Amino acid sequence: MSVLVVGLSHRSAPVEVLERAAVVADEVPKLLDEMLHGTHVSEAVLLSTCNRIEVYAVVDAFHGGLADVSGVLSRHAAMPLAEFTEHVYVHYAGSAVQHLFAVSSGLDSMVVGEAQILGQLRSAYAAADEAGTVGRVLHELAQHALRVGKRVHASTGIDAAGASVVSEALADASAALGGSLEGRRAVVVGAGAMGALASAHLRRAGAAEIVVLNRSPERAARLVENTVAQGTPARSAGLDSLAAELVAADLMVACTGAVGTVVDQATVAAAVAGRAARPLAVCDLGLPRDVEAGVAALPGVTLIDLIALQRRLSSDERGAAVAAAQELVAEEAQAYLAAQRSAEVTPTVTALRRRASDVIDAELLRLDSRLPDLDTRVREEFTRSVRRVVDKLLHTPTVQVKRLAEGPDGDSYAAALRALFELDPQTTAAVAIQRSGDVIAALEARSDNPGPEESIR
């Protein structure tokens, strides 16, 4: 069984395709269930953010697993499979592990080094866990990926600026409004994680007032309460009051995660008519897009969406910090894979030693039946001698196979031992289950004292 990654992101697909493939939270359990009903997928986690849709799956065959996962995603996007796969990237086995570690570290993000991805990964894992599509393999991998992400952020300085898609969009909005958000009135459409992050950035930037519009009044009220508690005036309103609220606002951030347009051109045009030509910055961070594209053509309106951000950030690099993060990710991936390969060979070695012990016991019983009057001391010394000989004969090959198992072709050595000594695969699998806790402990021991917030189960 190996890990397969099938995904689309801002690096591989235009926003129009990402919109069609985007998965809202309510759809995740259904899609995960469809994948597990395929022939080759046994575990799956689905990550959907404002600039990526990825599936991490445990599969028993590469091509079969790819077909199962891609088929579900292409049907969801309502795209022919051939057209859909033009925009897809695939990682398998060791490459899949390294890709996930790079994602958790912010190296594959539109805003290089952004830390928001860690929370998004936790949420994706929690959704899959609740749906019952996570097993031992993805649990261990996800736990380790979160520790790697935190270690990279803590030790490389890659996120020193605290940048995110939200902060970059607001930076563009600030420029459109004359260089500052201080004293500005803002409307935030959506009270989820992105809405909360946008409100926090606006509060720190010195916004005069934040109005939160959301379909769920309860969530909007909670966000308003938290914002007011931090010292910034805030209130909530219904989505039907958007045009009226935009008349007095300087900027709007839309990030609902809904399917389909939430802010249409007619609504914004009605607000523009009452603004006396004052500029309005509109940040659309939804995937699919929340704001109708025609809003950009309205007088005095600057539309900042994911396409504009992608264009501006495509050449963003952080120099030494990025290089250090990449090196750390590669190191962690190699260590994780070595530990996994070692864990795979350990049950085989244990089964081999059990086989040797069983042979010794059988021969000693045979000796007892043939020489029942053998002196007890002689028998004990003979038993010790036989066990020492077998231990010495097995010591070098078992030590060597454990060392060799940490290499790229490590799994072949365990297979060779099973074939040479006719070891029962079912027996070694049972030992592997017993050893899984030891593997987790060994991997955790490599981490730099991870905090409790990193645990996702």
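Just above sits the structure.
Residues numbered from 1 in each chain as written. Predicted model: local features only at pLDDT ≥ 70, side-chain atom pairs only at ≥ 80, totals over all residues. Heavy atoms only, no water.

When you look at the overall build of the chain in this model, what are you seeing that I'm missing?
Helix and strand content of the chain: 17 helices and 10 strands. Of all 457 residues assigned to the chain, the portion counted as buried reaches 48%. In the chain, 77% of the contacts between residues at least 6 apart in sequence involve partners at least 24 apart. Put simply, the chain shows about 20,900 Å² of open surface, and 53% of that area lies on carbon and sulfur atoms. (Helix = DSSP H or I, 4+ residues; strand = E, 2+ residues; numbered from the N terminus. Buried < 20%, exposed > 50% of the residue type's maximum accessible area, 1.4 Å probe, protein only. Contact = heavy atoms within 4.5 Å. Areas by Shrake-Rupley, 256 points an atom, 1.4 Å probe, with all protein chains shown as cover.)

How do you make sense of unusual backbone geometry when you look at a structure like this?
With glycine set apart, most residues show a phi of negative sign, and most peptide bonds adopt trans. With omega at 0°, the peptide bond leading from Leu287 into Pro288 counts as cis. Relative to the helices and strands, Pro288 resides in the loop between β9 (280-284) and β10 (301-305). Residue Ala78 is not a glycine yet carries a positive backbone phi of 55°. Structurally, Ala78 can be placed in the loop between α3 (62-77) and α4 (81-85). With a phi close to 55°, Ala93 is a non-glycine residue in the positive phi region. Along the chain, Ala93 turns up in the loop between β4 (89-92) and α5 (94-104).

Would you mind going over the sheet that holds strand β2 (residues 41-48) with me for this structure?
The sheet built from four strands is open, its strands ordered β2-β3-β1-β4 with antiparallel pairing. A strand with exactly one partner marks an edge of an open sheet, and here the two such strands are β2 and β4. Taken pair by pair, the neighbouring strands of this sheet meet at an average axis angle of 15°, ignoring direction. Here eight bridges tie strand β1 (residues 2-9) to strand β3 (residues 52-59), and the two strands are oriented antiparallel to one another. Looking across to β3, one finds that Leu8 is bridged to Ile53. Contacting β2 and β3, helix α2 (residues 28-36) runs over the sheet at an angle of about 150° to β2. Lying on the sheet, helix α7 (residues 136-156) is in contact with β1, β2 and β3; it crosses β2 at an angle near 35°. (Pairing = 2+ DSSP bridges. Axes fitted to C-alpha atoms, helices over the stretch in contact; angles between N-to-C directions.)

Just checking my understanding: could you explain the sheet that holds strand β6 (residues 209-213) for this structure?
The strands that make up a sheet pair up through hydrogen bonds in the backbone, lying either parallel or antiparallel. With parallel pairing, six strands are arranged side by side in an open sheet as β7-β6-β5-β8-β9-β10. The outermost strands of the open sheet, each flanked by one partner alone, are β7 (234-237) and β10. Geometrically, the sheet is characterised by an average inter-axis angle of 20° between neighbouring strands, direction not taken into account. Summarising the sheet, strand β5 (residues 185-189) and β6 pair through five bridges and their orientation is parallel. Across the sheet, residue Val189 finds its bridge partner in β6, namely Leu213. The sheet strands contacting helix α13 (residues 306-313) are β9 and β10, and the helix crosses β10 at an angle near 70°.

Even after reading the chapter, I still don't get the state of the cysteines, so can you show me in this structure?
Working definition: the covalent bond between the sulfur atoms of two cysteines is a disulfide. Scanning the model with the defined rule gives zero disulfides in all. Residue Cys50 stays outside any disulfide, its sulfur separated by 9.7 Å from that of Cys255, the closest cysteine. With no disulfide of its own, Cys283 has Cys255 as its nearest cysteine by sulfur position, at a separation of 9.4 Å. Judged by its relative accessible area of 1%, Cys283 falls in the buried class. (Disulfide = S-S within 2.5 Å.)

It is not clear to me how the packing of helix α6 (residues 116-131) against α7 should be interpreted in this structure. Could you clarify?
Think of two packed helices as two axes; the pair is described by the angle between the axes and how far apart they sit. Orientation of α6 relative to α7, taken along the N-to-C sense of each, is 170°, at an axis distance of 10 Å. Here α6 is positioned roughly antiparallel relative to α7, judged by the angle of their axes. Every residue of α7 that contacts α6 at Leu118, Leu121, Arg122 and Tyr125 is listed here: Leu138, His139, Ala142, Leu146, Gly149, Lys150 and His153. Tallied by class, the residues present in the contact of α6 with α7 amount to six nonpolar, three polar and two charged. (Parallel < 35°, antiparallel > 145°, perpendicular 65-115°, else oblique. Nonpolar A, V, L, I, M, F, W, Y, C, P; charged D, E, K, R; others polar.)

What is the right way to read the nonpolar core from this model?
One recurring pattern in soluble globular proteins: nonpolar side chains tend to sit buried together. By size, the foremost hydrophobic cluster in this structure holds 99 residues, and its most contacted members are Phe101, Leu202, Leu251, Leu285 and Leu309. Val189, Ala249, Leu280 and Val282 belong to the second largest nonpolar core, which has 21 residues in total. (Core = buried A, V, L, I, M, F, W, Y, C linked by side-chain atoms within 4.5 Å.)

I keep staring at the pattern of salt bridges and nothing clicks. Help me out?
Pairs can form between side chains of opposite charge once their charged atoms are near each other. Enumeration over the complete set of coordinates arrives at 22 salt bridges. Arg185 serves as the salt-bridge partner of Glu209, at 2.7 Å between the closest nitrogen and oxygen. One end of the pair, Glu209, is in strand β6; the other, Arg185, is in strand β5, and 24 residues separate them in sequence. Overall, the relative accessible area of 14% leaves Glu209 in the buried class. What makes Arg185 partly exposed here is its relative accessible area of 34%. The residue Asp391 makes a salt bridge to Arg353 at a minimum N-O spacing of 3.7 Å. With Asp391 in helix α15 (residues 376-405) and Arg353 in helix α14 (residues 320-370), this residue pair connects regions lying 38 residues apart in the sequence. Judged by its relative accessible area of 42%, Asp391 is partly exposed. For Arg353, a relative accessible area of 32% gives the class partly exposed. Each of the salt bridges in this network shares a partner with another, and the network as a whole consists of Arg11, Arg52, Glu54 and Asp108. (Salt bridge = Lys/Arg side-chain N within 4 Å of Asp/Glu carboxyl O.)

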